[in-house]
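Breakdown of the fold
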Amino acid sequence: VQLQASGGGLVQAGGSLRLSCAASGSTFSITPRGWYRQAPGKQRELVVFISSGGTITYADSVKGRFTISRDNAKNTVYLQMNNLKPEDTAVYYCHAVGTSTGYPYWGQGTLVTVSS
């Protein structure tokens, strides 16, 4: 299984981006778990989490601005990011786990840079 993240780029504060995470390989065997990000010099942090029951939890810092969605037919998870702020600047990683194994899978990361 491979996760391919894309959609990052440079945007001005207040702008929007949509990140994509496309799964390939044995996609039937994995379950999306959400998105994380890592800003320069900081630890990786949760952006949005999808529980095994499907409950979605957003970090307080992105609530009301970010929305996660998925297209099962395309094996792709999206992260719509609106009203971006400079503090959203980070490398964004999509995350999934093996449905029966719990094995973690990570995308390679896509860089989002928000200028003030």
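Summary of the structure given here.

Calculation rules
Residues numbered from 1 in each chain as written. Predicted model: local features only at pLDDT ≥ 70, side-chain atom pairs only at ≥ 80, totals over all residues. Heavy atoms only, no water. Phe/Tyr/Trp six-rings, centres within 6.5 Å; stacked < 30°, edge-to-face > 60°. Helix = DSSP H or I, 4+ residues; strand = E, 2+ residues; numbered from the N terminus. Buried < 20%, exposed > 50% of the residue type's maximum accessible area, 1.4 Å probe, protein only. Lys NZ or Arg CZ within 6 Å of the ring centre and 35° of its normal. Core = buried A, V, L, I, M, F, W, Y, C linked by side-chain atoms within 4.5 Å. Contact = heavy atoms within 4.5 Å. Disulfide = S-S within 2.5 Å.

Here the distance between the centres and the angle between the planes together describe a pair of aromatic rings. Counted by the stated rule, this structure contains two aromatic pairs. For the ring pair Tyr-36 and Trp-106, a centre distance of 5.2 Å and an interplane angle of 70° mean the geometry is edge-to-face. Residue Tyr-36 is located in strand β4 (residues 30-38), and its partner Trp-106 is located in strand β10 (residues 104-106); the two are separated by 70 residues in the primary sequence. Assessed through its relative accessible area of 17%, Tyr-36 is described here as buried. You can call Trp-106 partly exposed: its relative accessible area is 35%. Where Tyr-103 meets Tyr-105, the ring centres are 5.0 Å apart and the plane angle is 65°; that geometry is what we call edge-to-face. Taking NZ or CZ as reference, Arg-18 lies 4.1 Å from the ring centre of Tyr-78, over its face. A cation over a ring is seen here: Arg-44 above Trp-106, with NZ or CZ 4.7 Å from the ring centre.

The next thing to look at is the nonpolar core. Core analysis: the biggest nonpolar cluster contains 29 residues, and Trp-35, Leu-79, Met-81 and Tyr-92 have the highest contact counts within it. If you list the elements that add at least two residues to this core, you get β1 (2-6), β3 (17-24), β4, β5 (45-50), β7 (66-71), β8 (76-81), β9 (90-98) and β11 (110-115). Once residues lying within four places of it in the same chain are set aside, the contact partners of Leu-79 are Leu-17, Arg-18, Leu-19, Trp-35, Val-47, Val-48, Phe-66, Thr-67, Ile-68 and Tyr-92.

Turning next to the state of the cysteines. Under the counting rule described, the total for this entry stands at one disulfide. Residue Cys-21 pairs covalently with Cys-94 via a disulfide, S to S 2.1 Å. Here the S-S torsion is close to 65°, and the disulfide linking Cys-21 with Cys-94 is therefore right-handed. Of this pair, Cys-21 sits in strand β3 while Cys-94 sits in strand β9; the two residues are 73 residues apart in sequence, bridging distant segments of the chain. Side by side, Cys-21 and Cys-94 carry an identical accessibility label, which is buried.

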